[in-house]
Structures are given as structure tokens and as C-alpha cells.
Amino acid sequence: METLVRIIDNDSDMVAFGERLGAILAAYNGALSVHLRGTLGAGKTTLTRGILRAFGHTGAVKSPTYTLVEAYEFGARRVYHFDLYRLGDPEELEYMGIRDYFIDRNLCLIEWPERGEGVLPAPDLTVHICIAGDGRELELQAPGSALQSLLINL
Ligand code: ADP
Ligand code: MG
């Protein structure tokens, strides 16, 4: 699987990059699961803010650290922003009815997917964010060729 690497220097470029990525995800005709990996403060929520902008959300994006998931509706499209940092046990996701999120043309953005390992379905895209000096290094991996071919222009 090919890895796409991008250096993003600051917060506003991160939002802009998220918006470009979000435009690709918004145009995709199917359910998508995106795993956002990286330490606390890497920029996962900032990237999410950009992705949501591409769907038309201009308001704040609060971290669903305690609620685990925040829902956004754009007509028939739904975006679910998960933050599993405080998930005690992956099995809690079963009680949430996690499977029902990955349907229709829903987009699931998942911070701390490692906390849900064994229960979460395999991702269509993984974005791994590493702190690199004052900026960030992003590694994008899309196992499926359909999405992968859309991402090369990012
Ligand atoms: P996370 O959700 O991964 O914990 P946040 O998105 O809350 O991280 O971002 C943490 C901090 O990193 C924020 O202050 C944000 O402005 C900053 N930040 C985000 N992206 C970048 C970037 N590409 N370069 C520099 N700082 C960034
Ligand atoms: Mg966060």
C-alpha cells in the first residue's frame, strides 16, 4: 500500500488541508471510515475541523472526549466524529451500536481508533499525524484503490 506524506506547517494550513481532503471524502459515493492517529495535541481535531468545513460546517468542533461521538448532518449525509480516548473497553462500542454508524454515505472520523481495536471495522483511510518541529507530518494510507487514486492530488 502506498503512503502519501505531507508536511503541514501550521494550524491554518492544517484546516485548509482538511478541507481539501474533506472535499474528496464528500464526493465519495459510499460509507467511509477514517482513522486519525497521533498523540495528544498532534492535530486530529484540527484536521477534523477542516474536513467538516468541506461539508459546510463552519461552527466550532468540540472534542467528543466524554460523549465519544458528535454527529453532524448535511442533508442526507452524516458525519460522525468519534474520540475514543476515554473508551474503557472496546466492547462499549458494541453497546453503542457501532455497526450502525458505518452505513449509507456516512463518514466516520475516529480519533484514538487504537482504543476500539477488535471492534471497529477496518478503515478506508488512515491519517497518521506526527509532530515535526513546529509543524506536523501527515502519513495517509488508503488500502482501497478507489480512494487511493483520489488522494494523490492532495
Ligand atoms: P489532537 O486532536 O490531535 O489532540 P488538536 O487538533 O487539538 O490535537 O491540536 C493541538 C494543537 O496543535 C492545537 O493548538 C493546534 O492549533 C495545533 N496544530 C494543529 N495542526 C498543526 C500543524 N499542522 N502545525 C502546527 N500546529 C498545529
Ligand atoms: Mg482531539
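This text follows the structure it describes.
A quick note: this is a predicted structure, and the numbers were derived from the prediction, not measured.

Calculation criteria
- Residues numbered from 1 in each chain as written.
- Chains lettered and ligands numbered in written order.
- Predicted model: local features only at pLDDT ≥ 70, side-chain atom pairs only at ≥ 80, totals over all residues.
- Heavy atoms only, no water.
- Helix = DSSP H or I, 4+ residues; strand = E, 2+ residues; numbered from the N terminus.
- Rg over C-alpha atoms; globule rule 2.2 N^0.38 Å.
- Buried < 20%, exposed > 50% of the residue type's maximum accessible area, 1.4 Å probe, protein only.
- Contact = heavy atoms within 4.5 Å.
- Areas by Shrake-Rupley, 256 points an atom, 1.4 Å probe, with all protein chains shown as cover.
- Lys, Arg positive; Asp, Glu negative; His and termini not counted.
- Charge placed at Lys NZ, Arg CZ, Asp CG, Glu CD.
- Near = heavy atom within 4 Å.
- Polar contact = N/O pair within 3.5 Å; in protein donor to acceptor, adjacent residues only side chain to side chain.
- Nonpolar A, V, L, I, M, F, W, Y, C, P; charged D, E, K, R; others polar.

### Re the overall build of the protein
Next up, step 1: Scanning the protein from terminus to terminus reveals four helices and seven strands.
Next up, step 2: When the elements of the protein are put in sequence order from the N terminus, they spell out β-α-β-α-β-β-α-β-β-β-α.
Next up, step 3: Relative to its length of 154 residues, the protein is compact, with a C-alpha radius of gyration of 14 Å against a globular reference of 15 Å.
Next up, step 4: The principal-axis extent of the C-alpha atoms belonging to the protein is close to 40 × 35 × 30 Å.
Next up, step 5: Relative to its 154 residues, the protein shows a buried fraction of 45%.
Next up, step 6: In the protein, once contacts between residues fewer than 6 apart in sequence are set aside, the share between residues at least 24 apart is 68%.
Next up, step 7: Carbon and sulfur atoms provide 47% of the accessible area of the protein, an area that totals close to 7600 Å².
Next up, step 8: Here the protein contributes 14 positive and 21 negative side-chain charges, whose respective centroids are spaced 4 Å apart.

### Considering the site of ligand 1
Next up, step 1: In the vicinity of ligand 1 there are 17 residues, among which Asp11, Gly41, Lys44, Thr45 and Thr46 approach most closely.
Next up, step 2: The contact in question runs from a nitrogen atom of ligand 1 to an N or O atom on the backbone of Asp9, over 3.5 Å.
Next up, step 3: Take Lys44: an N or O atom from its side chain is 2.8 Å from an oxygen atom of ligand 1.
Next up, step 4: Taken by itself ligand 1 offers 570 Å² of open surface, and the protein chains cover 73% of this.
Next up, step 5: For the shell around ligand 1, the element with the most residues is helix α2 (residues 44-55), which contributes three residues.
Next up, step 6: Looking at the shell around ligand 1 residue by residue, the class counts come to four nonpolar, seven polar and six charged.

Function-wise, these values are silent; they only describe arrangement.
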